[in-house]
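As a plain string of letters, each chain reads:
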Amino acid sequence: MIFAKQLSMKNFYYRIGGLFAGLFLAVQPQAKAQLSGTEAFLQGDHVEVGIATNGAFGSGTNAPAGYHPRGAGSLLGFIADPDKDGWTVGTPDYFGDYFLPGSPQEGWDIQYNGVWAKAWRGSGATSFTGGLTGSCTAYSVVGDRISATWEGTSGPLKIRAVTTLRKDKVYFITKVTVKNTSSSTVNRVYYERTVDPDNEVTVGGGYVTINKFEYQLPNKSQKTLVSATGQTFGAYLGLGTKDCRAKPYIVIAGLEPTDSLSQIFNANSKQINNTILDIDTPDTAYINDVGIGVVFNLGNLAPGDSTNLSYAYVLSKDDLDSAFADISPVWEYEGTLYESGDTVKLCRAKGSPTIRQDLNIAYGSGYSWTWSARPGLSNLTGTDNEIDLGMNTVTYVAKPNEAFGCVDSMVITIQPFQIPDPPAVVSPVTYCRFGSAAPLSASGLPGATMLYYTSATGGTPVTSLIPSTNIAGTYTFYASQLNGICESGRTPITIIVNPIPAIDSFTSSDPTYCGAKDGWIRFKVDHPGTTYTVYYDFNGKGQPAVTATSDGDGYILLSGLVRGSYTAIYVVNSFGCVSTTYFGPIDLLGPTGPSPVISNNGPLCAGDTLKLFTAVRAETDYLWTGPDGFTSTEAQPQLVVTSASGGIYYLVTTYKFCQSDPAMTTVVVAPSPGDPKLKDQNLCEGSLLNVEVLAEPFTDYIWNGGFDGFTANTASFKRQNVTKDNAGRYILTARTETGCLRSDTMYVTVDERVTLSVSADTAFCYGDTISLIATTNTTNIFWSPSTGMNDSTSRTPRISPAGSTKYTVTAKSDHAACPDTSGQVSVTVIPTPQVTGYDTLVRMNIPYTLLPTYGQDVVKYRWEPADSLSCANCPNPVFNSSKDMTYIIYASNTQGCTGHDTMIVRVFCDGANITMPNAFTPNNDGTNDIFYVRGTGFTVKSFAIYNRLGQEVFRKENFNANDPKFGWDGTFNGQAISDASGFVYMLEAVCLHSNNEPILIKGTVLMIK
């Protein structure tokens, strides 16, 4: 039993006998491999390959159904779907055939002792040369690997090539073993694989490919790779290996190499004859329709020696790393291959002796290996070795000679595990036929998995097994335990399925006298002389179980039975198996005793209590029956009767198993008045109390009720406009002519009706706030709309709407019987009178009429303050002031609503405020004798007068206007000027309430004498 961890695939594989191999294969997706004569065909999800009889790729016969060939006819070389999207998806849907179009060329050859043997696939045929023979001999599908084997010989060499493709990959690999079967050394052995790539020809591309050396030794990645890429779609084909004995080439012209293998491998130049062996830079390509290939130098093979090599055809660059990993050297342990780094877990029985086993390096004969010393290791060099397998875990390491430099050290761990003991089981386990069975049970090591089988050896296990009980018999199952990877031996589990007892052929005999216990029941069972437990019901009640043994004919006798009904008879055998049930009934009859004396308390009215009478006697059972399904086991039962209860009642008594004849008594039940089905009523004040009861014939009705003592002698009645006094309990009494009474009660409640009064319609000025008033006897009211209202649930809300509004107030009733009540108030909002004051600029101390605008409804005016105005209650007062003023203008309409606005009056002064005469007469007559400054709203900074010669004859400074003492009297230096003529004056004044900016005035004045 072996466990291996394939690190390169991040996966685990188990080999635990045939069990897990079978399970493993069963769960894998379908893949295909097959032989057709001496040819083989392989099919994965994304690659299909045909292998000819000579081991070259490219079948000589048509591919089987289900493949996708594109060679001549239906021949198959190899094809691929690099996009992994299916054979019918994409443009193109897939590539290939990769070499069969045109003049096909693909194959391999081997050279030794100067002999060159070829196995090439040429145009339309496959062939052997140089004494080479062989054919495809086998195929396999294991996990995701699909393989075919070719075997043949060439002279002393036996050659075996295994081609494998991975189900979900886009490459395939070939691993070749060459063995010298002769008694002489075979010298100078070379191997070659070659192909003429035509990747895109079948999908519309050309024959010319872009050919490159992607890897040549030596290199850090330890790879050899030559590739060909299509020019139209970029279809890729790579031929590569990780063998240090390999050398790639590109044919200069033609489809196949013409130079020998030894010439190609041993050449030291970049090119020989018709073969390119090196290109200056890795990115440089040789573009032509030519062949490519790889040559291996296998050296000399001593007698009996063998060597391995491996290579890959890679049809998608994305899978290069995976392909190179698959063709690296691997471990071969006891015929099974493992990756470096794997742990092989083995199952060994307790106390097993140490044994010798093979541990080799497969596909590593191209390297020189040195093994790290380990106990029991037979060799320290080479690829083939033997180890001692005991119970200890050992890790083995083999290192390649550094001269090769293109493969890492190989590591493998062999880890034995002890096989556990068989598990403990519960056995035997018995069941009755058709019984419910439990899963088989076994116990072993903690954490171990229990496995169950139907045979002592072989078979497929399950982890849970429930045995069938459909057929009686003894069955053997087996249990083992799986502890990790190791499975124990099997422990048997015996299951016994017992038959179900059968009963039939019932006969019986009645008791011989009243109360006798000599009746019997006899029936047949399935086995004579067998003890059973018998169960049955007597008069509908279960009885204690009886143990009985069947006689020689298989009959069971139940004796000592009394008069009565026997049902539900069944038996249970010693295994606990239950027979079917015989329900009968089997009624044992016989003589009866005298009838008892019975009576009743009738006649009755429906609804009364019936009392049935008879003598009460110890050790006596009573069974009363009567109309309407009545039954009772009491001696003197009672029940409330209905009209269906009238009729004959029977009583049968049983005293010490003696059953009496039935006694009977007749019960008379007179019908009571029908149910009036009164219902409580909830009314509102002022509504109608309407009570309707269907009157029955020959029945009188009397009503009493209400707080006001209401009475009536009819079945139905009405009361108009009810008040709270009409509320209360109402009782109806009905009496039939036979005196049967029936009473019923209803309750009437009368709720107070909602009252509501609201404020009268009103009007008020816009912007004012008023209160609305609602008077009601309820607590829950609301106003609508609530616009402009402070509280829509208040009885006295404050309102200030923007416009006229009709408000509705609803008083909600506190009682379901009374409706809500509503009222309305119309509120008219009187618009505010319009007044617009315009800010105005006027001359200081100059009268000016103020002109605001008013709405047409304005009838009353008021100006505040009244200062500097001609009137305070007129629309257009005259303003006259030396200072700025701000006024508020109030405008009212006939409804008393008032609006207002502000008007600002600003004053200014300029030359127009100054008045200067143009002549004066200084003759001392008291009239116009002085020439002086006149005007308002300013002060004089300077005032000067000049004669016509420009001589200043008069000057005054810093004085107020309108004062003659600051004027000119027509003199100069105290002397009157005799020459009356014109003079020039210069005036500099400053306006009051200004920023002291001067006003300059120049003019002339005429002095007249």
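As the structure is a computational prediction, the values presented were derived from the model and not from experiment.

Parameters and conventions
- Note that residues are indexed from 1 along each chain, following the sequence as it is written.
- Selection of residues for local features in this predicted model requires a pLDDT of at least 70, selection of side-chain atom pairs for listing and counting requires 80 or more, and totals for whole chains, interfaces and linings are taken over all residues.
- As a convention, hydrogens and water are excluded, and side-chain values are obtained from all of the structure's heavy atoms.
- Only DSSP runs of H or I reaching four residues or more are called helices, and only runs of E reaching two or more are called strands; each is numbered from the N terminus.
- Each radius of gyration is computed over the set of C-alpha atoms, and the globule rule expresses the reference value as 2.2 Å times the number of residues to the power 0.38.
- Exposure categories follow from relative accessible area, calculated using a 1.4 Å probe and restricted to protein chains: below 20% of the type maximum is buried, above 50% is exposed, and the middle band is partly exposed.
- The contact criterion used is simple: two residues touch if any of their non-hydrogen atoms lie within 4.5 Å.
- Residue-level accessible areas treat just the shown protein chains as cover; the underlying method is Shrake-Rupley with a 1.4 Å probe.
- Residues counted as positive are Lys and Arg, residues counted as negative are Asp and Glu, and His and the chain ends are not counted.
- The location of each charge is read from NZ of Lys, CZ of Arg, CG of Asp or CD of Glu.
- A pair of cysteine sulfur atoms is labelled a disulfide when the two atoms are within 2.5 Å.
- For the purposes of this section, nonpolar cores are sets of buried Ala, Val, Leu, Ile, Met, Phe, Trp, Tyr and Cys residues that join through side-chain atoms within 4.5 Å.
- Any two rings among Phe, Tyr and Trp, with Trp reduced to its six-membered ring, count as a pair given centres within 6.5 Å; such a pair is stacked if its planes are under 30 degrees apart, edge-to-face if over 60, and tilted if neither.
- By the criterion adopted, a ring carries a charge over it if an Arg CZ or a Lys NZ lies within 6 Å of its centre and within 35 degrees of its normal.
- Residues with no salt bridge and a relative accessible area higher than 30% make up the patches, which join like charges within 9 Å and nonpolar side chains (Val, Leu, Ile, Met, Phe, Trp, Tyr) within 5 Å.
- Any carboxyl oxygen of Asp or Glu within 4 Å of a side-chain nitrogen of Lys or Arg constitutes a salt bridge here.
- One bridge is not enough; two strands pair if DSSP finds at least two bridges between them.
- Axis lines are fitted to C-alpha atoms, over the contacting stretch for helices. Their N-to-C directions set the angle, which ranges from 0 to 180 degrees.
- UniProt positions are given in the numbering used here, feature names are shortened, and annotations may be inferred rather than shown by experiment.

Student: What am I meant to see in the overall build of the protein chain here?
Tutor: The number of helices and strands found in the protein chain is three helices and 88 strands. Computed over the C-alpha atoms, the radius of gyration of the protein chain is 66 Å, more than 25% above the 30 Å expected from 2.2 N^0.38 for a compact globule of 1009 residues. Across its three principal axes, the protein chain shows a C-alpha extent of roughly 180 × 140 × 60 Å. For the protein chain, buried positions account for 45% of its 1009 residues. The contacts of the protein chain with a sequence gap of at least 6 include a subset with a gap of at least 24, amounting to 60%. When the accessible area of the protein chain is evaluated, it comes to approximately 47800 Å², of which 50% is carbon and sulfur surface. Taken as two groups, the 68 positive and 89 negative side-chain charges of the protein chain have centres that lie 4 Å from each other.

Student: Looking at this model, I keep getting lost on the state of the cysteines. Mind explaining?
Tutor: Disulfide: a covalent bond connecting the sulfur atoms of a pair of cysteines. Here the structure, examined in full by the defined rule, presents seven disulfides. Residue pairing for Cys871: its cysteine sulfur links by disulfide to Cys874, the two sulfurs lying 1.6 Å apart. Taking the sign of the S-S torsion, 65° for the link of Cys871 and Cys874, the bridge is right-handed. Taking the relative accessible area as the measure of exposure, Cys871 reaches 25% and is therefore partly exposed.

Student: Whenever I open this one, the nonpolar core confuses me. Can you help?
Tutor: Side chains of nonpolar character tend, in soluble globular proteins, to be buried together. Residues Val49, Phe78, Leu157 and Phe172 are the most contacted members of the largest nonpolar core, which totals 68 residues. With six residues, strand β22 (residues 292-301) is the largest single contributor of residues to this core. Setting aside anything within four residues of it in sequence, one finds Phe172 in contact with Val47, Val49, Phe57, Phe78, Thr163, Thr164, Leu165, Tyr311, Ala312, Tyr313 and Leu315. Counting residues in hydrophobic clusters, the runner-up holds 41 residues, among them Trp863, Val907, Ile977 and Ala989.

Student: Explanation requested: the packing of aromatic side chains in the structure shown.
Tutor: Aromatic rings in a pair are described by how distant their centres are and how their planes are angled relative to each other. Tallied over the entire structure, the rule returns 39 aromatic pairs. Ring centres 5.0 Å apart and planes at 80° place the aromatic pair Phe57 and Phe172 in the edge-to-face group. Placement of Phe57 in the loop between β5 (47-51) and β6 (78-80) and of Phe172 in strand β13 (residues 171-180) is noted, with a sequence separation of 115 residues between them. When sorted by exposure, Phe57 lands in the same class as Phe172, which is buried. Through a chain of ring-to-ring contacts, three or more aromatic side chains come together here, namely Phe920, Phe931, Phe943, Phe954, Trp968, Phe983 and Tyr985. The aromatic ring of Trp116 is capped on one face by Lys118, whose charged end is 4.1 Å from the ring centroid. For Arg934, the ring lying beneath its charged end belongs to Tyr932, and the centroid distance is 4.3 Å.

Student: What exactly am I supposed to notice about a negative patch on the surface here?
Tutor: The grouping of Asp305, Glu334, Asp358 and Asp384 at the surface amounts to a negative patch. Looking at the element boundaries, Glu334 is found in the loop between β24 (330-333) and β25 (336-338). Residue class for Glu334 comes out partly exposed when judged on its relative accessible area of 40%.

Student: Mind showing me how you'd approach the sheet that holds β6 here?
Tutor: Hydrogen bonding along the main chain pairs the strands of a sheet, whether they run parallel or antiparallel. Read across the sheet, four strands follow the order β3-β4-β5-β6 without closing on themselves; strand pairing throughout is antiparallel. Only two strands of the sheet have a single neighbouring strand rather than two, namely β3 (32-36) and β6. For this sheet the average axis-to-axis angle between neighbouring strands, irrespective of direction, equals 5°. In the sheet, strand β4 (residues 39-43) pairs with β5 via four bridges, with the strands oriented antiparallel. By the bridge assignment, Phe41 is partnered in β5 with Gly50.

Student: Any chance you could explain the environment of Asp553 here in plain terms?
Tutor: Secondary-structure assignment places Asp553 in the loop between β43 (546-549) and β44 (555-561). Sequence separation between Asp553 and Asp526 is 27 residues, and the spatial gap between their C-alpha atoms is 9.7 Å. Those residues within four positions of Asp553 in sequence are excluded, and the remaining contacts are Lys524 and Pro528.

Student: Honestly, a nonpolar patch on the surface in this entry has me stumped. Any pointers?
Tutor: Taken together, the side chains of Ile648, Tyr650 and Met664 define a hydrophobic patch exposed on the protein surface, amounting to about 280 Å² of accessible area. Within the fold, Met664 resides in strand β55 (residues 663-667).

Student: Would you mind showing me how to read the sheet that holds strand β76 (residues 860-864) here?
Tutor: Spatial strand order, β73-β79-β78-β76: four strands in an open sheet with mixed pairing. For this open sheet the edge positions go to β73 (840-843) and β76, each flanked by a neighbour on one side alone. Between one strand and the next, the sheet's axes are offset by a mean angle of 30°, whatever the strand orientation.

Student: Where do I start with the environment of Tyr139 in this structure?
Tutor: On the secondary structure map, Tyr139 appears in strand β10 (residues 132-142). The contacts of Tyr139, once residues within four sequence positions are left out, are Ala33, Gln34, Leu35, Ser147 and Ala148.

Student: Please clarify how the environment of Ala72 should be interpreted in this entry.
Tutor: Counting through the fold element by element, Ala72 comes out in the loop between β5 and β6. The exposure class of Ala72 is exposed, given its relative accessible area of 56%. Spatially, the C-alpha atoms of Ala72 and Val597 are 116 Å apart, while their sequence positions differ by 525 residues.

Student: Help me understand the pairing of strand β31 (residues 410-418) in this model?
Tutor: Remember that side chains alternate between the two faces of the sheet whenever the strand is regular. Here six bridges tie strand β26 (residues 343-348) to β31, and the two strands are oriented parallel to one another. In the sheet register, Cys347 faces β31, and the bridge partner there is Phe417. With five bridges connecting them, strand β30 (residues 394-400) and β31 associate as antiparallel partners. Considered in β31, the bridge of Val394 is made with Ile414.

Student: For this particular structure, what's the right way to read the pattern of salt bridges?
Tutor: When the charged atoms of two side chains with opposite charge come close together, those side chains can pair. Applying the stated criterion across every chain, the model contains 21 salt bridges. Note that Asp326 and Arg145 form a salt bridge whose closest N and O atoms lie 3.7 Å from each other. Residue Asp326 is found in helix α3 (residues 320-326), and its partner Arg145 is found in strand β11 (residues 145-154); the two are separated by 181 residues along the sequence. Note on Asp326: relative accessible area 5%, which makes it buried. One salt bridge connects Asp321 with Lys223, and the closest N-O pair in it is separated by 3.7 Å. Here the residue Asp321 occupies a position in helix α3, and Lys223 occupies one in the loop between β15 (209-215) and β16 (224-230), the gap between them amounting to 98 residues.

Student: Any chance you could explain the UniProt feature "domain: Ig-like" (unreviewed entry) in the protein chain here in plain terms?
Tutor: When the UniProt feature table is mapped to this numbering, "domain: Ig-like" (unreviewed entry) covers residues 420-499. In residues 420-499, helix accounts for 0% and strand for 42%; the two terminal C-alpha atoms are 38 Å from one another.

Student: For this particular structure, what's the right way to read unusual backbone geometry?
Tutor: Trans is the common state for peptide bonds, and a negative phi is the common state for residues other than glycine. Between Thr91 and the following residue, Pro92, the backbone shows a cis peptide bond with an omega angle of -5°. If you trace the backbone, Pro92 turns up in the loop between β6 and β7 (106-112). With an omega dihedral of -5°, the bond running from Glu864 to Pro865 counts as a cis peptide bond. As for its position among the elements, Pro865 is in the loop between β76 and β77 (878-879). The phi torsion at Asn273 lies on the positive side, around 45°, for a residue other than glycine. Even without being a glycine, Lys656 presents a positive backbone phi close to 50°. Relative to the assigned elements, Lys656 resides in the loop between β53 (647-655) and β54 (658-659).

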